Amino acid sequence: MSNSKKLLEGKTIVFTGSRKPVEAISHAQSFGAKTKYVPLVETIVRQSQKPDFTKYDWLIFTSRTSAEVFCSFNETVPAKIAAVGNQTAAVLERHGHQVDFIPKVFSADQFIQEFPPVSGRAKCLFIKGQMAKNTISTMSMQVDEWTVYDTVLNSENAKTITQFKDVIILFASPSAVRAYRQVGGNWLNIQVAAIGHVTKKAIIDNGGTVDFMPERYTYIEVINEIAKGSLST
């Protein structure tokens, strides 16, 4: 599949995550797509007391946002680091932290299957946002939690998106789906792309249908999936 082919010419892709995915937006535009960035969720960093990192064998990150917030504290830690996803790992490595474990599939569900054989009976600290599911904490080893940011739904932006027609809306989290649905957003006259099976489930549970979802849960791959889908239409 060549980027020189304008496979998405005439398409509009709406990105809704808390962070503007500049590379993915450029990638979509290289296929000829028009793009809009209308975030449905915002993050607010908590001013909470830092834990004693020397108590833990592993620090666990399941989102790029939690990694970015942690890195902003400029901590030097002795623990090993586990990250769900290449993008989360890249944030940590860019700030000088070595990432020792990444699951083959970028999801918490897969992480809890692959991680215990690697970590053994370790003491872990899960660094997270307040809306993160408790999947990580279900593992048999000790897993403490440190919440470093809150997620706030952007209702005004959600109302804006409900007026769009004939677009592809890209949801990257269940929170974004929740924001859209709370203001009456429906699934008529749009196509839907999802990053991750948890987000896909949230869409389906809210009456929607997922038209595009990549095997690797990244923005770049979902754009590739949308472009491939255009070949059969």
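Look up a bit, the structure's there.
The structure displayed is predicted, hence computed values, not measured ones. (Residues numbered from 1 in each chain as written. Predicted model: local features only at pLDDT ≥ 70, side-chain atom pairs only at ≥ 80, totals over all residues. Heavy atoms only, no water.)

Asks: So what exactly am I meant to see when it comes to the environment of Ile81 here?
Replies: Checked against the element boundaries, Ile81 lands in strand E5 (residues 80-83). Along the chain, Ile81 and Phe101 lie 20 residues apart, while their C-alpha atoms are 6.7 Å from each other. With residues near it in sequence (within four places) discarded, Ile81 still touches Trp58, Leu59, Phe61, Leu92, His97, Gln98, Val99, Asp100 and Phe101. (Helix = DSSP H or I, 4+ residues; strand = E, 2+ residues; numbered from the N terminus. Contact = heavy atoms within 4.5 Å.)

Asks: Teacher, can you tell me more about the environment of Lys5 here?
Replies: Relative to the assigned elements, Lys5 resides in the segment before strand E1 (12-15). C-alpha of Lys5 to C-alpha of Ile169: the two residues are 164 residues apart in sequence and 22 Å apart in space. Once residues lying within four places of it in the same chain are set aside, the contact partners of Lys5 are Ser30 and Phe31.

Asks: Please explain the pattern of salt bridges as it appears in this structure.
Replies: Once the charged atoms of two side chains with opposite charge are near each other, the side chains can pair. As enumerated under the stated definition, the model contains 8 salt bridges in all. In this structure, Glu75 and Lys50 form a salt bridge, with 2.8 Å as the shortest nitrogen-oxygen distance. Separated by 25 residues along the polypeptide, Glu75 in the loop between helix H2 (64-72) and E5 and Lys50 in the loop between strand E3 (41-45) and strand E4 (58-61) bring together distant segments of the chain. The class of Glu75 is partly exposed, set by a relative accessible area of 21%. A salt bridge links Lys159 to Glu156; the nearest nitrogen and oxygen atoms lie 3.5 Å apart. Highlighted residues: Lys159 and Glu156, both in helix H5 (residues 155-161), separated by 3 residues, approximately one helical turn. One salt-bridge network, held together by shared partners, links Arg19, Arg64 and Glu68. (Salt bridge = Lys/Arg side-chain N within 4 Å of Asp/Glu carboxyl O. Buried < 20%, exposed > 50% of the residue type's maximum accessible area, 1.4 Å probe, protein only.)

Asks: Is there a simple way to explain unusual backbone geometry in this structure?
Replies: Note on backbone geometry: most residues besides glycine have negative phi, and most peptide bonds are trans. For Asn74, which is not glycine, the phi torsion reads 55° and is therefore positive. Mapped onto the secondary structure, Asn74 falls in the loop between H2 and E5. Classification of Asn74 as exposed rests on a relative accessible area of 67%.

Asks: Would you explain the sheet that holds E1 in this entry?
Replies: The strands that make up a sheet pair up through hydrogen bonds in the backbone, lying either parallel or antiparallel. Strand order across the open sheet formed by 4 strands is E2-E1-E8-E9, with parallel pairing between neighbours. Strands with a single pairing partner mark the edges of an open sheet, and in this sheet they are strand E2 (34-37) and strand E9 (190-194). Averaged over all pairs of adjacent strands, the angle between their axes in this sheet comes to 25°, without regard to strand direction. Of the strand pairs in this sheet, strand E8 (residues 167-171) and E9 are connected by 5 bridges, and their pairing is parallel. (Pairing = 2+ DSSP bridges. Axes fitted to C-alpha atoms, helices over the stretch in contact; angles between N-to-C directions.)

Asks: What is the right way to read the nonpolar core from this model?
Replies: Proteins that are soluble and globular tend to have nonpolar side chains buried together. One finds Ile13, Phe15, Ile60, Phe111, Phe115, Met139 and Ile223 to be the most contacted residues of the largest nonpolar core, which totals 36 residues. Residue assignment for this core shows that the elements contributing at least two residues are E1, helix H1 (22-30), E4, helix H4 (108-119), strand E6 (123-129), E8 and helix H8 (219-230). Every residue in contact with Phe111, bar those within four places of it in the chain, is listed here: Ile60, Ala82, Val84, Phe101, Pro103, Pro116, Ile136 and Met139. Counting 21 residues, the second-largest nonpolar core is a separate cluster that includes Leu59, Val91, Val99 and Ile127. (Core = buried A, V, L, I, M, F, W, Y, C linked by side-chain atoms within 4.5 Å.)

Asks: Just to check I follow, could you spell out the sheet that holds E3 for this structure?
Replies: Within the open sheet, the 5 strands sit side by side as E3-E7-E6-E4-E5. Their pairing is mixed. Looking at which strands have only one partner, the edges of the open sheet turn out to be E3 and E5. Going from strand to strand, the sheet's axes swing by 25° on average, the running direction of each strand aside. Sheet topology places E6 next to strand E7 (residues 142-153); 7 bridges connect them, and they run parallel.

Asks: I'm lost on the packing of aromatic side chains in this one. Help?
Replies: The geometry of an aromatic ring pair is captured by two quantities: the separation of the ring centres and the angle between the planes. Enumeration over the complete set of coordinates arrives at 12 aromatic pairs. Measuring from centroid to centroid gives 6.3 Å for Phe15 and Tyr219, while their planes differ by 45°, and the two rings are tilted. Here Phe15, found in strand E1, pairs with Tyr219, found in helix H8; they are 204 residues apart in sequence, far enough to count as distant. Ring centres of Phe101 and Phe111 lie 5.6 Å apart, and the angle between their planes is 70°; on these two criteria the pair is classed as edge-to-face. Of this pair, Phe101 sits in the loop between helix H3 (86-94) and H4 while Phe111 sits in helix H4, and the two are 10 residues apart along the sequence. A network of ring pairs unites the aromatic residues Phe53, Phe61, Phe70, Phe73 and Trp146 as a single cluster. Above the ring of Phe164, the side-chain terminus of Lys36 is found at 5.5 Å from the ring centroid. (Phe/Tyr/Trp six-rings, centres within 6.5 Å; stacked < 30°, edge-to-face > 60°. Lys NZ or Arg CZ within 6 Å of the ring centre and 35° of its normal.)

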